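Below, each chain spelled out in residue letters.
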Amino acid sequence: MILSRREALWIGFGGLAAAVLPGKAALAATVDELTATFTGGAAVGEGGLTLTAPEIAENGNTVPVEVNAPGAVAVMLLASGNPEPAVATFTFGPAAAEQRAATRIRLAQTQDVIALAKMGDGSVVRAQTTVKVTIGGCGG
């Protein structure tokens, strides 16, 4: 296949535009939009979800977080003060022995960490805790 100069320029401009334009994930950058997307319009309740995070994080670069949601099919972690609030989404299949996950996240500043769990019956529950970051973080 031989490309003309004009076709090569159009392909180059298309690649440049694809690299510069934000993707779908970047468009849903607020906590409210991410929550609405995850819940699919379902009402958000309380209870049935345990979020464990330190009250004070001496280093915002590695903050341990654990979620425990018996009966959940998916859990989403959000950090409201980060430049990109979506931190992680965990999906649990039918063979999962426990609906529990632990990870370390990076926090830019003192902020709320929010966990949303989509339960097997279609309901959504929420848990939230505030983590005070003393140094470091992804904000600098």
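As the structure is a prediction and not an experimental result, all values here were calculated from the model. (Residues numbered from 1 in each chain as written. Predicted model: local features only at pLDDT ≥ 70, side-chain atom pairs only at ≥ 80, totals over all residues. Heavy atoms only, no water.)

**A closer look at the overall build of the protein chain**
Of regular secondary structure, the protein chain possesses 3 helices and 9 strands. The secondary structure elements of the protein chain, listed N-terminal to C-terminal, are α-α-α-β-β-β-β-β-β-β-β-β. Its C-alpha atoms give the protein chain a radius of gyration of 19 Å, clearly above 14 Å, the size a compact globule of 140 residues would have. Dimensions of the protein chain along its principal axes, counting C-alpha atoms only, are 60 × 40 × 25 Å. Within the protein chain, the proportion of its 140 residues that are buried is 31%. (Helix = DSSP H or I, 4+ residues; strand = E, 2+ residues; numbered from the N terminus. Rg over C-alpha atoms; globule rule 2.2 N^0.38 Å. Buried < 20%, exposed > 50% of the residue type's maximum accessible area, 1.4 Å probe, protein only.)

**Description of the pattern of salt bridges**
Summed over the entire model, instances satisfying the criterion amount to 1 salt bridge. Residues Arg100 and Glu66 are paired through a salt bridge, measuring 3.3 Å at the closest nitrogen-oxygen approach. Separated by 34 residues along the polypeptide, Arg100 in strand β7 (residues 100-105) and Glu66 in strand β4 (residues 63-68) bring together distant segments of the chain. The partly exposed category is assigned to Arg100, whose relative accessible area is 44%. (Salt bridge = Lys/Arg side-chain N within 4 Å of Asp/Glu carboxyl O.)

**Comments concerning the confidence of the model for the protein chain**
Per-residue pLDDT for the protein chain has a mean of 86; in total, 91% of the residues score no lower than 70. When the elements of the protein chain are averaged for pLDDT, helix α2 (residues 24-27) gives the smallest value, 48, and β4 the largest, 95. (pLDDT = per-residue confidence, 0-100.)

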